[in-house]
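Each chain, letter by letter, is given below.
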There are 2 protein chains.
Amino acid sequence: MDSDYGVPRELSEVQQNRTLYQPELPPCLQGTTVRVEYGDVAIAADPAGAHVISHAYPHTYGQPLAHFLRKAANVPDAKVISEHPAVRVGIVFCGRQSPGGHNVIWGLHEAIKAHNVNSKLIGFLGGTDGLLAQKTLEITNEVLSSYKNQGGYDMLGRTKDQIRTTEQVNGAMATCQALKLDALVIIGGVTSNTDAAQLAETFAEAKCATKVVGVPVTLNGDLKNQFVETTVGFDTICKVNSQLISNMCTDALSAEKYYYFIRMMGRKASHVALECALQSHPNMVILGEEVAASKLTIFDITKQICDAVQARAEKDKNHGVILIPEGLVESIPELYALLQEINGLHGKGVSVENISSQLSPWASALFEFLPQFIRQQLLLRPESDDSAQLSQIETEKLLAQLVETEMNKRLKEGTYKGKKFNAICHFFGYQARGAMPSKFDCDYAYVLGHVCYHILAAGLNGYMATVTNLKSPLNKWRCGAAPISSMMTVKRWSRGPATTQIGKPAVHMASVDLRGKAYEMFSRRH
Amino acid sequence: MDSDYGVPRELSEVQQNRTLYQPELPPCLQGTTVRVEYGDVAIAADPAGAHVISHAYPHTYGQPLAHFLRKAANVPDAKVISEHPAVRVGIVFCGRQSPGGHNVIWGLHEAIKAHNVNSKLIGFLGGTDGLLAQKTLEITNEVLSSYKNQGGYDMLGRTKDQIRTTEQVNGAMATCQALKLDALVIIGGVTSNTDAAQLAETFAEAKCATKVVGVPVTLNGDLKNQFVETTVGFDTICKVNSQLISNMCTDALSAEKYYYFIRMMGRKASHVALECALQSHPNMVILGEEVAASKLTIFDITKQICDAVQARAEKDKNHGVILIPEGLVESIPELYALLQEINGLHGKGVSVENISSQLSPWASALFEFLPQFIRQQLLLRPESDDSAQLSQIETEKLLAQLVETEMNKRLKEGTYKGKKFNAICHFFGYQARGAMPSKFDCDYAYVLGHVCYHILAAGLNGYMATVTNLKSPLNKWRCGAAPISSMMTVKRWSRGPATTQIGKPAVHMASVDLRGKAYEMFSRRH
């Protein structure tokens, strides 16, 4: 399975067949004469934050929306992109891999070369590491040939590092200048796109000629706002996981003696768990957003599950499937508070061994109550975005253990009369993350790659490529671009009676909307 | 996802499409005039065991092989099955579910009804529980309609119990007599087929009219011998798991910072791990049979993995995928000895809490060395076939932890200069076990179901349905039956200098043949 960057690799038969699929383009992007039409100035959705954002992004906030349209015969006003000088474009995978990422690069390469064969697309190796160290690979048809419609990010690799510190931002700028890049395309989720906006602003301020473009690619599906309908990879992840969950449902029904606790990758928001629940019909789903909205404690959740197990046992059903989003632990109020304390102590440089002794009495009591394995996992150093290492915290095991203890207690007391409770835990994450992209993700990513070209050809800076009307067939898709800063929001915390602290503007993760359609469909059934 | 036996259930679109697939029959089974031809008397492969087996199976050992052939125009000698009285047949899922099991029932039902519409097929609910308690469901087209080509065993359910004690065997006989069954078909692996042979023998001895037929269905692929090429479900399991392993390989290559330790369901033998390795090309596979043959200790295996990690790091590769069969723990000599001691103490009725204090000094030292989580898992009560609860013992975590400790030591000592070692553990089991069967398993199971009918129509007792030449297209498949007792072997242990203890004859699990073709292909690459 080893590969070396840029060296043609051996493909399996399935992989070879996959390379033959050629996504189409919506009519607006066909041909070489795409015109750009500007709409209203994009305003941040959070009006109260607009002032803060515009202050932080003076060069890139307040730009208009852009729409890419087919050149009509009679459109004198609209600016038609007709001249296509050769360009030099860099592209980098930021954040975690998501199925379809390779097709963004393919689409961009196609568009660049179609408009001028002398243009160059330069990939950075190993994500931001390569961006800062100028480790590059020129993207050619030969390099691309074995990565078309394939999963993973292995054509270039990625790191999980961000581009945030002044040193990192300056390093990125130095690379763009040294390589004389006209544009830098950043593929990633909320964090990477926030970084892209910051780079764009800094570059504009420093009069660096490189324009920065973001692309919404994350399996979590949590980059969602007024301009972005979904992200590349979410469709694949939900389909692959739903199939596996369905297999578990069949297994539970056949063996009739297990409860499967399945934790779903997807970071803090529960989009993946919700969509998989809609597709695969497990018996129970604990959505982080519901837990947070109702302020359910770990004991409330345990009780809910136990009551459901008991009700099912009364119907002679001693099996079931329960989905748990990996971010649940951060949605449970007391565990979140505990994680925040631990995080604070990490920040103060307290070593892992000493953290537990420095917790507040309240947090310490909770910590000591938890099983040993979870304690170790909660103490892990947080991710680069300050969130807990969600993929490493086995919330499914914690819940299974608490439920088992409670069911045994009820059995002893005689309040539960069913069979002995048996749980089996699974984490569905990495096995779907590397999956081959679905047709939708192949198409969506490929089209976004093309859109990136039109953004940079129009000379736009700090924009994200957008494709909308995605529920319609591809020939109705609409292509455009929106300033990333207009997708930002500003968080506020009260600090004492009269003080409010304001966070940095950022593209924040979108939670599951408890008044949205997906949740409504889900609630109707559960 | 809930269903109740016999009640038509709601199907998803994929499931609905699946029900439309109609497997074909090989030419020898087409039409209603199949003839049976008898071959040589089937002799046990183990000549030394033949005497013991024939003594234990006086009524059913030494019967001839049977071949089912298309009725030719001029075959006066061969017995042609032409009369087809109505029959009453029972069928039961024994052992763990395996993809394709439902199609055995479908095939049998088709054949039974094609030969006499008044025949009845009766399914037992909940496996052997239903067999003993006479909980039945008559199999009809309506019942079958939503289970054709579907995974799981949920049409009838299953238990993991065996039919072994005199009480169980007599209970099964009582059921067969009460229901006036002409035949009882048992779907399962090595254990269930051994039980089937025992039932056949006991029934013959007791002059019970019910004939017993076994069908080779197990995802482990470990029911393999001179008459059985493969088992129903193995093909599906290997395909589904190989796809997931390939996803992990892509993920490892993309993230470039993890070693994935993946434990594969498949009981003691390493067939699933080996086949998946051939299909998906992970970086390393620890086959139980290799470990046993070379008598590798857990420390030897840890060192092998560490050396491989170190060698890869020298080529700047800090990631990889390592497959571990779930049965590995029983192949490691010192862990097997420890498990045997624990098992012995369980047998003596020692409670779980007290076992560790009663271990021999040697076993106790090893036990105390192991991490807490593994100790708990090793202490679990063994399965009904006396093997350890392999699916619950996280050998992948044990190895990952030992390798991490050793790599950190090497890093500190300066003998290893690569990046910090990071492991992520996964167990691939239940999510594949409930998968929809592959085309091969749909066909194979369906044909085996038909073969069962011809076995019982010929009045054979204690036979297993066999289909051979499976690597050729379906129209070249050969159908037959072999006495289960001829697949048995007898195990011997030396007990002191001059005493040899002899086990009961049984259909034993077949290990991976280290001189076989699959292993040879694997060795050539590793």
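Everything numeric in this text was worked out from a predicted model, so none of it was measured.

### Observations regarding the overall build of chain A
Of the regular secondary structure elements, chain A holds 20 helices and 16 strands. In terms of overall dimensions, chain A has a C-alpha envelope of 80 × 55 × 45 Å along the principal axes. Out of the 526 residues belonging to chain A, those deemed buried represent 58%. Summed over all atoms, the accessible surface of chain A reaches about 21,200 Å², with 51% contributed by carbon and sulfur. Where the 52 positive side-chain charges of chain A centre and where its 51 negative ones centre are 3 Å apart.

### Describing the packing of helix H8 (residues 234–255) of chain B against helix H9 (residues 271–280) of chain B
Residues and elements named next belong to chain B. As a packed pair, H8 and H9 sit with axes 8 Å apart at the nearest point and diverge in direction by 55 degrees. Our classification of the angle between H8 and H9 gives oblique. Like other packed secondary-structure pairs, H8 and H9 cross with a definite hand, here right-handed. In this structure, H8 uses Phe-234, Ile-237, Cys-238, Lys-239, Asn-241, Ser-242, Ile-245, Ser-246 and Cys-249 to contact H9, whose residues at the interface are His-271, Val-272, Glu-275, Cys-276, Gln-279 and Ser-280. Split into classes, the residues belonging to the contact of H8 with H9 amount to seven nonpolar, six polar and two charged.

### Here's the deal with the relation of the copies chain A and chain B
Superposition of chain A onto chain B requires a rotation of 180 degrees combined with a translation of 0.0 Å along the rotation axis, giving an RMSD of 0.0 Å. Both chain copies can therefore be described as sitting about a two-fold axis. Considering only C-alpha atoms, the residue of chain A closest to the rotation axis is A:His426, which sits at 4.1 Å. Here 100% of the interface residues in chain A have copies in chain B that are interface residues too; the copies meet face to matching face.

### Some points on the interface of chain A and chain B
Residue-level contacts link 47 residues of chain A with 47 residues of chain B. Buried surface at the junction of chain A and chain B, both sides included, amounts to about 3,800 Å², of which 49% is carbon and sulfur. Our enumeration of links across chain A and chain B arrives at four salt bridges. A salt bridge links A:Asp251 to B:Arg433; the shortest N-O distance between them is 2.7 Å. Where chain A meets chain B, there are 14 residue pairs in polar contact (both at pLDDT 80 or more). Counting residues per element, the ones that place at least two in the side of chain A that touches chain B are helix H8 (234–255), strand S12 (423–428) and helix H18 (430–433) of chain A.

### Thoughts on the domain arrangement of chain A
Frequently, the measure chosen for interface size is the accessible area removed from exposure when the parts meet. All names here are of chain A. Here chain A is partitioned into domain 1 (37–72 + 79–233 + 437–502) and domain 2 (236–433). The distance between the C-alpha centroids of domain 1 and domain 2 comes to 34 Å. Counting residues at the interface gives 16 residues for domain 1, matched by 14 residues for domain 2. With both chains or domains summed, domain 1 and domain 2 bury close to 1,300 Å², and 47% of this area falls on carbon and sulfur atoms.

### Remarks on unusual backbone geometry
Residue and element names in this part refer to chain A. Despite not being glycine, Asn-149 has its phi angle at roughly 60 degrees, a positive value. Within the secondary structure, Asn-149 sits in the loop between helix H5 (141–145) and helix H6 (166–178). Assessed through its relative accessible area of 1%, Asn-149 is described here as buried.

### Remarks on helix H11 (residues 298–314) of chain B
All names here are of chain B. Here H11 spans 24 Å end to end across 17 residues, near enough to the 24 Å set by a 1.5 Å rise per residue. All of the buried residues along H11 are Ile-298, Ile-301, Thr-302, Ile-305, Cys-306, Val-309, Gln-310, Arg-312 and Ala-313. The secondary structure elements touched by the buried residues of H11 are strand S9 (259–264), strand S10 (284–285), helix H10 (288–294), strand S11 (320–325), helix H13 (333–347) and helix H17 (395–413). Residue Asp-316 follows H11 closely and has a positive phi angle near 65 degrees.

### Structural notes on the sheet that holds S11(B)
Residue and element names in this part refer to chain B. In space, the four strands of this open sheet follow the order S10-S11-S9-S12, with parallel pairing throughout. Only two strands of the sheet have a single partner each, and these edge strands are S10 and strand S12 (423–428). Relative to S11, S10 runs parallel, the two sharing two bridges. By the bridge assignment, Met-284 is partnered in S11 with Ile-322.

### Focus on the environment of A:Pro47
In this fold, A:Pro47 is placed in helix H2 (residues 47–56). Considering only alpha carbons, one finds A:Pro47 and A:Val490, 443 residues apart in sequence, at a separation of 9.8 Å.

### Quick notes on the sheet that holds strand S9 (residues 259–264) of chain A
Residue and element names in this part refer to chain A. The parallel open sheet is built from four strands, whose spatial order is S10-S11-S9-S12. Since the sheet does not close on itself, it has two edges, and those belong to strand S10 (284–285) and S12, each with one partner. Where helix H9 (residues 271–280) meets the sheet, its contacts fall on S9, S10 and strand S11 (320–325), and the angle it forms with S11 comes to roughly 150 degrees.

The rules behind each value
- Residues numbered from 1 in each chain as written.
- Chains lettered and ligands numbered in written order.
- Predicted model: local features only at pLDDT ≥ 70, side-chain atom pairs only at ≥ 80, totals over all residues.
- Heavy atoms only, no water.
- Helix = DSSP H or I, 4+ residues; strand = E, 2+ residues; numbered from the N terminus.
- Buried < 20%, exposed > 50% of the residue type's maximum accessible area, 1.4 Å probe, protein only.
- Areas by Shrake-Rupley, 256 points an atom, 1.4 Å probe, with all protein chains shown as cover.
- Lys, Arg positive; Asp, Glu negative; His and termini not counted.
- Charge placed at Lys NZ, Arg CZ, Asp CG, Glu CD.
- Axes fitted to C-alpha atoms, helices over the stretch in contact; angles between N-to-C directions.
- Parallel < 35°, antiparallel > 145°, perpendicular 65-115°, else oblique.
- Left-handed = near helix turned anticlockwise from the far one by under 90°.
- Contact = heavy atoms within 4.5 Å.
- Nonpolar A, V, L, I, M, F, W, Y, C, P; charged D, E, K, R; others polar.
- Least-squares fit on C-alpha atoms with pLDDT ≥ 70 in both.
- Buried area = accessible area lost by both parts, 1.4 Å probe.
- Salt bridge = Lys/Arg side-chain N within 4 Å of Asp/Glu carboxyl O.
- Polar contact = N/O pair within 3.5 Å; in protein donor to acceptor, adjacent residues only side chain to side chain.
- Domains from an automatic or database assignment.
- Expected span 1.5 Å × (residues − 1).
- Pairing = 2+ DSSP bridges.

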